[in-house]
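Residues per chain, in single letters:
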Amino acid sequence: ATLAAMRGAKTLLIERDRFPRDKVCGEFLSAEGCAVLARLGLLDVLIAKGAMPMDACLLADAKGRSAEAPLPELPRAGRTAMGISRAVLDETLLRHAASCGVTVREQTVATSPVLDNGRVMGVVTRPAERGGGDEVVNARLVVAADGRRSMLQRALHPGIGDPLTTSPRSWFGFKAHFPNRTSGLSRRIELYVFDGGYAGLGPVEGGRLD
């Protein structure tokens, strides 16, 4: 949205949540992600907010075996990744988008696409909280950046992606922040694999581990 607005496009960003807010996430930004933030002019901003550098990875299993390696060197991106909480990252991205001319509507849900002969010409929205009615927003281009249970995907290709309801066999995830007494894990992201899942550990801002 920010890059489109910076190039002169009239841009509306519809966001279900209100920021800042926490989100279940590994809170690891790869070198590719850092390169995108540099294009947006936000990499140094997030570093100033305490983003933690990582350029190595530790992989361990339940038997105590482990291997460590540097992260790969990527063309035009390097290999340094960052750890930053979603609360800080998403708030920074959203406010920067607004400062670049994006119209931001928080706590607004896109409920269905507007179709004309099979072409998506907009979306129907409503407030995330009760009390508001539907609104039709017309657009020349609609980008659905809403995950594996995407509203647009469910409407156009309902057989693709995750089901709306979970089953006893579904995966689940949780996140917690802990005090960091490791000096940033020696600039590592750590992954621990076990039967049926995995756990990740990485440094984020504020002297914490995610």
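Trainee: Teacher, can you tell me more about helix 4 (residues 86-99) here?
Mentor: Residue pairs spaced three or four apart in an α-helix point in one direction, given the helix's 3.6 residues per turn. Its 14 residues place the ends of helix 4 20 Å apart at the C-alpha level, agreeing with the 20 Å of an ideal helix rising 1.5 Å per residue. If you check which residues of helix 4 are buried, you get R86, A87, L89, D90, T92, L94, H96 and A97. Of the surrounding elements, those touching the buried residues of helix 4 are helix 1 (2-6), strand 1 (12-14), strand 2 (28-29), helix 2 (31-40), helix 3 (43-48) and strand 7 (103-105). Positioned one or two residues after helix 4, G101 has a phi angle of 105 degrees, which is positive.

Trainee: When you look at the sheet that holds strand 3 (residues 52-54) in this model, what are you seeing that I'm missing?
Mentor: Sheet strands line up and pair through hydrogen bonds in the backbone, either parallel or antiparallel. An order of 2-6-3 is seen for the three strands of this open sheet, with the pairing classed as antiparallel. Every interior strand has two partners, whereas the edge strands, strand 2 and strand 3, have only one. Looking at chain direction, strand 2 and strand 6 (residues 81-83) are connected through two bridges and run antiparallel. Its bridge partner being in strand 6, F28 is matched across the sheet by G83.

Trainee: Would you mind going over the sheet that holds strand 13 (residues 197-201) with me for this structure?
Mentor: Spatially, 5-4-12-13 is the arrangement adopted by the four strands of the open sheet, whose pairing is mixed. At either end of the open sheet lies a strand with only one pairing partner, and these are strand 5 (66-70) and strand 13. On average, each strand axis in the sheet is tilted by 15 degrees relative to the strand beside it, whichever way the strands run. In terms of strand pairing, strand 4 (residues 56-61) meets strand 12 (residues 188-194) through six bridges, oriented parallel. If you follow L58 over to strand 12, its bridge partner there is E190.

What counts as what
Residues numbered from 1 in each chain as written. Predicted model: local features only at pLDDT ≥ 70, side-chain atom pairs only at ≥ 80, totals over all residues. Heavy atoms only, no water. Helix = DSSP H or I, 4+ residues; strand = E, 2+ residues; numbered from the N terminus. Expected span 1.5 Å × (residues − 1). Buried < 20%, exposed > 50% of the residue type's maximum accessible area, 1.4 Å probe, protein only. Contact = heavy atoms within 4.5 Å. Pairing = 2+ DSSP bridges. Axes fitted to C-alpha atoms, helices over the stretch in contact; angles between N-to-C directions.

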